[in-house]
Every structure is written in C-alpha cells, then in structure tokens.
Amino acid sequence: MATDVTVAIKVEPDPPAVGEANLRITLTGAGGAPIDGANVRARGDMDHAGMTPVLGETTQSQNGVYEVPFNWSMGGGWIVEVTATLPDNRGIAQEKFEFFVSAVSADSVINSDAAAEATAAGDEGSTNALRIVIPAGTGAQIEAGQDPGLIPAEIRLRLSEQNVLIIANEDSVDHTVGPFFVRAGESIRQEFARPAVFEGACSIHQGQQVRIVIEA
Amino acid sequence: MTMSKHARKLGFCIVLLITGILVLSGCGESAAGAQKAVDRPAYLDELRGAVFDPPRALSDFSFASTTGEPFTLSAHRGEVILIYFGYRACPDFCPTTFAELKRVYAALDEPSDRLKIAFVTVDPERDTLEYLAAYTAVFHRDFMALREEGEKLQVLMDQFGVVAEKVQLGESAMSYLMDHTASLFLIGPDGRLQAQYLYGTDHRDIIHDLELILGAI
C-alpha cells in the first residue's frame, strides 16, 4: 500500500441524492504533486446489508483529477471505497468515504413544482359526521380482558354522506384508534375531502389494526 | 401501538380551578368567555387536518438542533411549528413528507419568522446533528432537525402518541430500518398541539390550514 499518496473525493451533485452522479477523485503525492496515469476504481456499498454494490472506474485524469461516473441507487448511508492502482509499480492507494444520500433528488417528480391537480371528490359542504365515543371505563374493560365492542375493524365513510370522523375519548386513559392517538378527555375531528385509506393499531381492539376507508 | 396510562385529570382540575377563581373575583362571564376564546381559536373549526379538541397542552422541551442553538418549545410562542418524527435513512415516508413540506413552504412564501418546520429523529443512534443538517438542507435551508436521546426523546414522542420500532435487516447492529408514526403535527402559536396531518394528506390542505393560522397571528 502506497503511504505517501492522498486520496480526496468530491461528489456531484452535492449533497448527494438518488440518481446519476460524478465522483471527482484527486490523487496527490508528496508535496501535493498530482498523480496521473492511475487506474481508479470506486466501490459503493450501503451501510446496511443486502444491497448490490455500485462500481465505477476510470483511467482518465488531468492534473491528478479523475472523474468517475457513479449512480446512487438508493437513499441512505453509503460507504465508498476508492482504490487507485498507481503507475510505475508504486502500489495501491486506498481510502474509504461515508456519505448520506437523499432519497429525493432535486429534480425528482416529488420535488417538482408542477401541479398535480385532480378534482377533489366530494365537497366540504357536507357536515355529516360519524362520531365514535369511547366511554369511561373502556380501558378498565380492556385490562380485564373484555372486548368493549365499540369500533369495527374497518370504519367506512362515504364522502357524499359522511365526510367527518369524530373520535371522542371520554375514558380516563388514552387510546389509539388507527392513526389517531386520543388522550383521555380529548376529541379529534377529521374532515375528509378526498378518497383515502388509513391504517393503524387500535388500543381497543387489542393487538389488531383499524382501517379507515374514505370512499367517494 | 402503546396505550399510555397517563391521566389528565389533574390538568383538567387546574384549568377548572383557575376558571373558578376568575368567576369569584367578580370578573364574571367576560373573563370566562375570554378564557374560552383563548383556549380554542376560531380557525380550528375550519382546518382540514385532524383537529384536537381541546388543543393538547404539551410539556416544554429543549432539544439540540441543527440551527446551532437548542430548540425550546416555549421560546416559539406566537409561531406555528410543524413537527415530524422520522429518521434520515427512511426510504419513503420521510423524504416524501419533506418534499411536500418544501412545496407547502414555498407556497406560503417561506414565512421563516412565523413558521418553523422541525424534523425530530427517532434514530439518534445513527443520526448525528451533522448528518441531519445535511438531510434537511436538501429540502430547504430553513428546515431544521432536532436530536435527543433516551428518556427525553421518549417523553416527547409519548405526548404525540408517536411510536418507533427498529426492524433489523442484517447481522450488523447498524443495519436496520425504523417503523415509525408518519403523521405531521401542528403546534399552534399558543404552544399547544392543534392538528395532525395523516401521511398522504394533500399539500393543498396543509397550505389551506397554515394560511388560516398564519393569518390569525
């Protein structure tokens, strides 16, 4: 291993994001002298197992700078190992670098300013509400192994008829109903404007899930 | 999900006691009426998010932040805070939520003096402040991340009903994903939790709500 060689790296774009990228690798020797004529390979592995490594390589350089085409295949933590086989049988220089790659690139559809307009189904005019009341003592019932029988495993609202869901916790303990954590004495009110499906655990159905389905 | 057993009866008793004192002092209905108005801003009835009734009081907290200064909830009275619990290696919910927040923030003309957007990591083991700063900067320079560990983090998560659980991927102790609550939470200018936005809430609904609240500040 060559010990008098410095391996430096810059990524483009910076900060890195999923997609095509360029690794700008600089090799310098003693006194900062640029090193050309090396074979430079980059191997990128994610910081968790199970991902296929990404490889890049070049032998082209100018003033010790090597441009290695690369591709961040996934967002998350990466470790890039650069191995430079030096000219004139000088050996190998190697260095590892860590990066965090965003899962969303600057020009991704998700980041786009283009409007994704769709006519919303249903209107906010309807005020019909489905009201679910968790009465006092429900928590005690559950602790005693009883099923209060309050909430179905699937709550359905049809926007044209009922577009509001109210969960009122009149118990003295907190409860979770699907995606909603409702503290003792608290209510939560959600008015829906578009079809959707929401799921989550339910403290009233021990160990089970509740689905909230909003239909047009 | 966890069912918390913390009772709020003491909090309610204190509120009732204060209201009772105002009545007995001769301030009468006007004081009680004013108290009710403070307790429940009128715009809550028009929000499209899931609205808490009453708005949920939150214990003050102070977390290290990527701004370089600690973020203390009580120091931000008069501002709106959107808070999201996630982690930087999250492959889906977190980046998509923040991409939507970037859109929301731009639509509101980036009101940095009145709106704070905070990302609280549920993976402090891997998420250093340096890494978090690089993460939020991808979306907007004004977005911040907060980091705390252990009991302090759990206490904050419990207040929101947020859960997070490791899902091990491989043999390495660092190889895991986090299953976590994916809702966005809105803390109003009064420092109380006023609304929740389920994952997948249309950004137009969030913009609508923020315009109402920011217009009332």
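Structural notes, computed from the coordinates. Small disclaimer: the values here were computed from a predicted structure and weren't measured.

This part takes up the overall build of chain B. Of regular secondary structure, chain B possesses five helices and ten strands. Residues counted as buried form 48% of the 217 residues belonging to chain B. Long-range pairs, those at least 24 residues apart, make up 69% of the contacts in chain B between residues at least 6 apart in sequence. Put simply, chain B shows about 9,800 Å² of open surface, and 57% of that area lies on carbon and sulfur atoms.

Let's shift gears to helix H3 (residues 129–139) of chain B. Of the positions making up H3(B), those classed as buried are Leu132(B), Tyr135(B), Thr136(B) and Phe139(B). Buried residues of H3(B) fall within an arc of 90 degrees about the axis and therefore sit on the same side. Taken together, the buried residues of H3(B) touch strand E7 (92–101) of chain A together with helix H2 (93–107), strand E5 (115–121) and strand E6 (144–147) of chain B.

On to the packing of aromatic side chains. The tally for this structure, following the rule as stated, stands at 19 aromatic pairs over all chains. Note on Phe70(A) and Trp78(A): the rings are 6.5 Å apart at their centroids and 75 degrees apart in plane angle, and the pair reads as edge-to-face. Here the two residues Phe70(A) and Trp78(A) agree in accessibility, since each one is buried. Among the aromatic residues, ring-to-ring pairing joins Tyr84(B), Phe98(B), Tyr105(B), Phe119(B), Tyr135(B), Phe139(B) and Phe143(B) into one connected group. Seen from the ring of Tyr176(B), Arg126(B) lies directly overhead, with NZ or CZ sitting 3.7 Å from the centre. A cation over a ring is seen here: Lys166(B) above Tyr176(B), with NZ or CZ 4.5 Å from the ring centre.

Across the sheet, eleven strands lie side by side as E8(A)-E10(A)-E13(A)-E1(B)-E10(B)-E9(B)-E4(B)-E5(B)-E6(B)-E2(B)-E3(B); this open sheet has mixed pairing. Where the open sheet ends on each side, the last strands, each with one partner, are strand E8 (129–134) of chain A together with strand E3 (71–72) of chain B. In the packing of H2(B) onto the sheet, contacts are made with strand E4 (80–86), E5 and strand E9 (184–187) of chain B, and the angle to E5(B) comes to roughly 170 degrees. Contacting E4, E5, E9 and strand E10 (193–197) of chain B, helix H5 (residues 203–216) of chain B runs over the sheet at an angle of about 145 degrees to E4(B).

Quick look at H2(B) now. Residue and element names in this part refer to chain B. With 15 residues, H2 should cover 21 Å at 1.5 Å per step; its first-to-last C-alpha distance of 21 Å lies within 8% of that length. Turning to H2, its buried residues are Cys 94, Pro 95, Thr 96, Thr 97, Phe 98, Ala 99, Leu 101, Arg 103, Val 104 and Tyr 105. For H2, the elements touching its buried residues are E4, E5, H3, strand E8 (176–180), E9 and H5. Positive backbone phi, approximately 65 degrees, marks Asp 109, located one or two places after H2.

Tallied over the entire structure, the rule returns 27 salt bridges over all chains. Residue Arg192(B) is joined to Asp190(B) by a salt bridge in which the shortest nitrogen-to-oxygen separation is 2.9 Å. On the basis of relative accessible area, Arg192(B) is assigned to the buried category, the value being 15%. Overlapping salt bridges bring together Glu154(A), Arg156(A), Arg158(A), Glu161(A), Arg211(A) and Glu215(A) as one network.

Definitions and limits used
- Residues numbered from 1 in each chain as written.
- Chains lettered and ligands numbered in written order.
- Predicted model: local features only at pLDDT ≥ 70, side-chain atom pairs only at ≥ 80, totals over all residues.
- Heavy atoms only, no water.
- Helix = DSSP H or I, 4+ residues; strand = E, 2+ residues; numbered from the N terminus.
- Buried < 20%, exposed > 50% of the residue type's maximum accessible area, 1.4 Å probe, protein only.
- Contact = heavy atoms within 4.5 Å.
- Areas by Shrake-Rupley, 256 points an atom, 1.4 Å probe, with all protein chains shown as cover.
- Arc of directions from axis to C-beta.
- Phe/Tyr/Trp six-rings, centres within 6.5 Å; stacked < 30°, edge-to-face > 60°.
- Lys NZ or Arg CZ within 6 Å of the ring centre and 35° of its normal.
- Pairing = 2+ DSSP bridges.
- Axes fitted to C-alpha atoms, helices over the stretch in contact; angles between N-to-C directions.
- Expected span 1.5 Å × (residues − 1).
- Salt bridge = Lys/Arg side-chain N within 4 Å of Asp/Glu carboxyl O.

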